[in-house]
Structures are given as structure tokens and as C-alpha cells.
Amino acid sequence: MNHVRVRDDECKGCAVCVSVCPKKCLAMSGKLNSMGYEYVQFINPEACTACGLCFLSCPEPGALTVVSEEEH
Ligand code: SF4
Ligand code: SF4
């Protein structure tokens, strides 16, 4: 199954990835990371197409990694 890995401490909580995901796979977690930002969480692996839009739109290069099922 496709998966997006979130490095909680790299996320700045801008929520851009939440709005760009066409499948609504990402949501704000309601929890703060060590930098004091509310980080995002991956919530919908069944719907994720591994399109990469979340990764491409995220301003923090280390925050998101898209793992497509072909790579497992
Ligand atoms: S890879 Fe595409 S479908 Fe999956 S969470 Fe990111 S934007 Fe959404
Ligand atoms: S776009 Fe990047 S920095 Fe912004 S909420 Fe998503 S993972 Fe965090």
C-alpha cells in the first residue's frame, strides 16, 4: 500500500500538503512537535495514489517521503 512518511520534527504545520492532496490523505494531527509546530499526519493509505503532490508542495524538504507500493 502507498504510504507517506512524516518526519514530525521537520514539519512546520503550514498545511499546504493537506490542501493539495486530491485524496484527502493528510490531516493536521492536533499535536505539537519539538519545535512547537502542529505537525501533519498521514491518515488514508487506502486512497493514496503516491502522486507526489504533497512532497512537491511541501516547503520543508525533509518533512514528507512518498513511498509507493512498487518500491516495497
Ligand atoms: S502522494 Fe498524492 S495522494 Fe498520496 S498523500 Fe501525497 S498528495 Fe495525497
Ligand atoms: S506542507 Fe510540509 S511543512 Fe507544511 S504541513 Fe505539510 S508536511 Fe508540514
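Note that the structure is predicted; figures quoted are calculated from it, not measured.

J.: So what's going on with the site of ligand 1? Which residues, and what values?
T.: Not every one of the 14 residues close to ligand 1 is listed here, only the nearest: C21, C25, C48, C51 and C54. Its residues assigned to classes, the shell around ligand 1 shows 11 nonpolar, 2 polar and 1 charged.

J.: Requested: an account of the pairing of strand 3 (residues 38-42), with residues and values cited.
T.: Of the strand pairs in this sheet, strand 2 (residues 26-32) and strand 3 are connected by 4 bridges, and their pairing is antiparallel. Along strand 3, the bridge assignment pairs L26 with F42. Hairpin connection of strand 2 to strand 3: 5 residues between the antiparallel strands, including G36 at a positive phi of 90°.

J.: Explain unusual backbone geometry residue by residue, including any values.
T.: One non-glycine residue, K24, lies in positive phi territory at about 55°. Along the chain, K24 turns up in the loop between helix 1 (16-20) and strand 2. Here the phi dihedral of A50 falls at roughly 60°; this positive angle occurs in a residue that is not glycine. Within the secondary structure, A50 is located in the loop between strand 3 and helix 2 (53-57). For A50, a count of 17 C-beta atoms within 10 Å gives the class partly exposed.

J.: Would you mind going over the environment of K12 in detail, with residue names and values included?
T.: Mapping K12 onto the fold places it in the loop between strand 1 (3-6) and helix 1. Using a count of 16 C-beta atoms within 10 Å as the deciding quantity, one classes K12 as partly exposed. In sequence terms K12 and E60 are 48 residues apart; their C-alpha atoms lie 7.5 Å from each other. Residues contacting K12, with those up to four places away along its chain left out, are Y37 and E60.

J.: I'd like a rundown of the nonpolar core, residues and numbers included.
T.: Of all hydrophobic cores here, the largest spans 15 residues; its most connected members are V4, V6, C17, L26, C54 and L64. Counting only elements with at least two residues in this core, the list comes to strand 1 and strand 3.

J.: I'd like a description of the site of ligand 2, backed by residues and values.
T.: Within the structure, ligand 2 sits among 13 residues, and C11, C14, C17, C58 and A63 are positioned closest to it. Class assignment of the residues belonging to the shell around ligand 2 gives a composition of 10 nonpolar, 1 polar and 2 charged.

J.: Please give an account of the environment of V16 that cites residues and values.
T.: Mapped onto the secondary structure, V16 falls in helix 1. Given 17 C-beta atoms within a 10 Å radius, V16 is considered partly exposed. Residues V16 and V67, 51 residues apart in the sequence, show an inter-C-alpha distance of 19 Å. With near-sequence residues (within four places) excluded, V16 lies in contact with S57 and C58.

The rules behind the values
Residues numbered from 1 in each chain as written. Chains lettered and ligands numbered in written order. Predicted model: local features only at pLDDT ≥ 70, side-chain atom pairs only at ≥ 80, totals over all residues. Near = placed C-beta within 6 Å. Nonpolar A, V, L, I, M, F, W, Y, C, P; charged D, E, K, R; others polar. Pairing = 2+ DSSP bridges. Helix = DSSP H or I, 4+ residues; strand = E, 2+ residues; numbered from the N terminus. Buried ≥ 20, exposed ≤ 12 C-beta atoms within 10 Å, placed from the backbone. Contact = placed C-beta atoms within 7 Å. Core = buried A, V, L, I, M, F, W, Y, C linked by C-beta atoms within 7 Å.

That's the geometry; what it means functionally is another story.
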